[in-house]
Amino acid sequence: MKTTIAAIATAIFLAAAATSHGQVFATYGPWTWAGGRISSDMTLDTRGDPSALWVGAEFTTTGSITPVLGTPDDSYDITITYNSVILELSSASGVVDSEPVQMQLGPIAFNFTLSIDLDVLTTYEIPSLLPVTRINSYGLTLPLPLNDTETFTVAWIESSTPIMTGTLKNAELNAEAHLAGWIAVPEPAHFALLSGISLLAVAGWRRLSGASASGALRGNWKSRGRKSR
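Throughout what follows, the structure given in this document is the object of discussion. (Residues numbered from 1 in each chain as written. Predicted model: local features only at pLDDT ≥ 70, side-chain atom pairs only at ≥ 80, totals over all residues. Heavy atoms only, no water.)

Digging into the overall build of the protein chain
So the rule is basically this: Here a helix means four or more residues in a row that DSSP labels H or I, a strand means two or more in a row labelled E, and each is numbered from the N terminus. The buried label applies to any residue whose accessible area, calculated with a 1.4 Å probe on protein chains only, is under 20% of its type's maximum; exposed applies above 50%, and partly exposed to all values in between. Throughout, the Shrake-Rupley method with a 1.4 Å probe supplies accessible areas, and for residues the shown protein chains are the sole cover considered.
Regarding its fold elements, the protein chain presents 2 helices and 12 strands. Reading the protein chain from its N terminus to its C terminus gives the helix and strand order α-β-β-β-β-β-β-β-β-β-β-β-β-α. Counting all 229 residues of the protein chain, 44% fall into the buried class. Summing over all exposed atoms, the protein chain offers an accessible surface of approximately 11200 Å²; the carbon and sulfur share of this is 54%.

As structure tokens, this is what we get:
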């Protein structure tokens, strides 16, 4: 299912790109962090004497929370924080200033309220969360013009372990980090649309993921009651 979700989100990205800007920008992800280095190579049309490169990132998380047995029924305010999320940017011919350069996305915090009705030890899905957006600009090495096309690499090189804080104590957190985005040498008028396309694609991906998980949970409730261990 995760492969299908990723394919759908990528298709949304590419369809939007094809209908609006051609080779002006390219997309990477969606990626799910599993440790190690995750990277994409993208070739952009760099004609027109560009002097800056834009990199956008949309970060979100999925997962579940399991309170300890005996947790009082109540609504609990919860924050999940990733203290460090790092992207790395480089180019094939060294046109990015001081490359490779790192894009620091963290700390990234998600705040939400979880209502608990706890008769037995139950696992609760993390509710749908809006993606967190980060956009950075990097200079391109002079003298210009660049070649007609240039290959850039964006790599996800770090994602710290998420930390859960708030009024819910002694609960187990099982979370996955997700990231997608774009890299561009845009004209000024393109910037707002680039950000909007990225946000919509990841939000759609997250909604599909949440709907799938919710359907599975409803199936468990109908067949066995609450999920317990």
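As for the environment of Gly 139
Following the sequence through the fold, Gly 139 ends up in strand β9 (residues 132-139). Considered as a pair, Gly 139 and Trp 54 are 85 residues apart in the sequence and their alpha carbons are 9.0 Å apart.

Describing the sheet that holds strand β4 (residues 74-82)
Cut-off, in case you're wondering: Strand pairing is assigned whenever DSSP detects at least two bridges linking the two strands. Note on definitions: angles span 0 to 180 degrees between N-to-C directions of axes, and those axes are lines fitted to C-alpha atoms, for helices only across the stretch in contact.
Pairing within the open sheet is antiparallel, and its 3 strands lie in the order β7-β4-β11. The sheet is open, and its two edges are formed by β7 (108-116) and β11 (163-166), each paired on a single side. Ignoring which end each strand starts from, the neighbouring axes of this sheet average 30° apart. Pairing geometry for β4 and β11, over 4 bridges, is antiparallel. When the bridges of β11 are listed, Ile 80 appears paired with Met 164.

With respect to the environment of Asp 97
The cut-off we apply is this: Only heavy atoms enter the contact rule, under which two residues are in contact if any of them lie within 4.5 Å.
Structurally, Asp 97 is set in the loop between β5 (85-91) and β6 (101-104). With relative accessibility at 37%, the residue Asp 97 sits in the partly exposed group. In sequence terms Asp 97 and Tyr 138 are 41 residues apart; their C-alpha atoms lie 7.1 Å from each other. Among all residues touching Asp 97, those that are not within four sequence positions of it are Gly 139, Leu 140 and Thr 141.

Details of the packing of aromatic side chains
Under the convention used in this document: Any two rings among Phe, Tyr and Trp, with Trp reduced to its six-membered ring, count as a pair given centres within 6.5 Å; such a pair is stacked if its planes are under 30 degrees apart, edge-to-face if over 60, and tilted if neither.
Under the definition given, this model contains 6 aromatic pairs. Ring centres 6.5 Å apart and planes at 20° place the aromatic pair Trp 31 and Trp 156 in the stacked group. Here the residue Trp 31 occupies a position in strand β1 (residues 25-32), and Trp 156 occupies one in strand β10 (residues 149-159), the gap between them amounting to 125 residues. Taking relative accessible area as the criterion, Trp 31 reaches 9% and is therefore assigned buried. Look at Trp 156 and you get buried, because its relative accessible area is 0%.

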